[in-house]
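Okay, here's what each chain looks like letter by letter:
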Amino acid sequence: TKFVHILGVPFIDTTRKDFIKKLQGRIEKQEKTFVVTANPEIVMHTLQDSEYKQILTKADYITADGIGIVKAAAIIGESLPERVSGYDMMMDLLELANEKRQRIFFLGASEKVLGETVRLVEEKYPGIQIAGHQNGFFDWSDPALPQSIKDSQPDLVFVALGFPRQEQWIGRHIDGFDKGVFIGIGGSFDVFSG
Ligand code: UDP
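Residues numbered from 1 in each chain as written. Predicted model: local features only at pLDDT ≥ 70, side-chain atom pairs only at ≥ 80, totals over all residues.

- What UniProt records for the protein under Catalytic activity (unreviewed entry) is the sentence "UDP-N-acetyl-alpha-D-mannosamine + N-acetyl-alpha-D-glucosaminyl-di-trans,octa-cis-undecaprenyl diphosphate = N-acetyl-beta-D-mannosaminyl-(1->4)-N-acetyl-alpha-D-glucosaminyl di-trans,octa-cis-undecaprenyl diphosphate + UDP + H(+)".
- Note on the protein: under the UniProt heading Sequence similarities (unreviewed entry), the record states "Belongs to the glycosyltransferase 26 family. TagA/TarA subfamily." (UniProt positions renumbered as here; feature names shortened; annotations may be inferred.)

Listed below in structure tokens is the structure:
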């Protein structure tokens, strides 16, 4: 695996297709995985927030979220093949989870958006097993949520709390989970259900 460093952030050099394949391999082997999709705003934020930068060091993979990162790579004489965004990955992963009957936990967004997201997933992807769901406005100090996610044994956890909350939440809890691909996907539930 090759990485391209942009202002200290190591981006995985991969196409979306290859990256999804890699994630599927990790799901099959039950290898716990923390994925961050980083756009230019996130890269700039790491320069002024050392705590956030520290969280990113816990990520297994950071993908180029947006053409701005692909262009930045070219400017420094490196190359990244394409953007690998959270929404696109969510769509690919839903497709494969449907075929493989994988378990997904949905975390984040308003109750309305989350409810509509879960309803649409049940309708369009009947093979997916909904491990559970929780809206994004919960008490962070209550250990019940991470425990219930752990107990639900998800293959995938979509964390739609927006930046920087989703990375903070995953970073805080990842050590306590046994397995699962945890991916921060920003406002993707809003887009999917809208
Ligand atoms: N969100 C959430 N919990 C919060 C704040 C935001 O679940 O405490 C959700 C929000 O409802 C939306 C998503 O996170 O679905 C993205 O929010 P926002 O647009 O603020 O984040 P960004 O697009 O900047 O990542």
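### Looking at the pairing of strand E5 (residues 103–108)
Looking down a regular strand, the side chains alternate between one sheet face and the other.
Turning to step 1, where the next piece is worked out: Within E5, five of the six residues are buried, which leaves the element mostly enclosed by the surrounding structure.
Turning to step 2, where the next piece is worked out: Across five bridges, the pairing between E5 and strand E6 (residues 129–134) is parallel. Bridged to Leu 107 within E6 is Gln 134.
Turning to step 3, where the next piece is worked out: Each parallel crossover has a hand, and for E5 linked through helix H6 (residues 111–124) to E6 it is right-handed.
Turning to step 4, where the next piece is worked out: Pairing between E5 and strand E7 (residues 156–160): five bridges, direction parallel. (Buried ≥ 20, exposed ≤ 12 C-beta atoms within 10 Å, placed from the backbone. Helix = DSSP H or I, 4+ residues; strand = E, 2+ residues; numbered from the N terminus. Pairing = 2+ DSSP bridges. Right-handed = clockwise from strand over helix to strand, strands pointing away.)

### What to know about the site of the ligand
Turning to step 1, where the next piece is worked out: With respect to spatial proximity, 15 residues lie near the ligand, and among them Ala 109, Gly 136, Gly 162, Gly 186 and Gly 187 are the closest.
Turning to step 2, where the next piece is worked out: A per-class count over the shell around the ligand returns seven nonpolar, six polar and two charged. (Near = placed C-beta within 6 Å. Nonpolar A, V, L, I, M, F, W, Y, C, P; charged D, E, K, R; others polar.)

### Considering the sheet that holds E5
Turning to step 1, where the next piece is worked out: Spatially, the six strands line up as an open sheet ordered E4-E3-E8-E7-E5-E6, and their pairing is parallel. Whereas interior strands pair on both sides, the edge strands pair on one side only; in this sheet they are strand E4 (61–64) and E6. The average angle at which neighbouring strand axes cross in this sheet is 20°, direction not considered.
Turning to step 2, where the next piece is worked out: Bridge analysis of strand E3 (residues 33–38) against strand E8 (residues 181–184) gives three bridges, and the strand direction is parallel. Bridged to Phe 34 within E8 is Phe 182.
Turning to step 3, where the next piece is worked out: Across the sheet, helix H1 (residues 16–28) is in contact with E3, E4, E7 and E8; its angle to E8 comes to roughly 140°.
Turning to step 4, where the next piece is worked out: Relative to the sheet, H6 contacts E5 and E6, its axis offset from that of E6 by approximately 175°. (Axes fitted to C-alpha atoms, helices over the stretch in contact; angles between N-to-C directions. Contact = placed C-beta atoms within 7 Å.)

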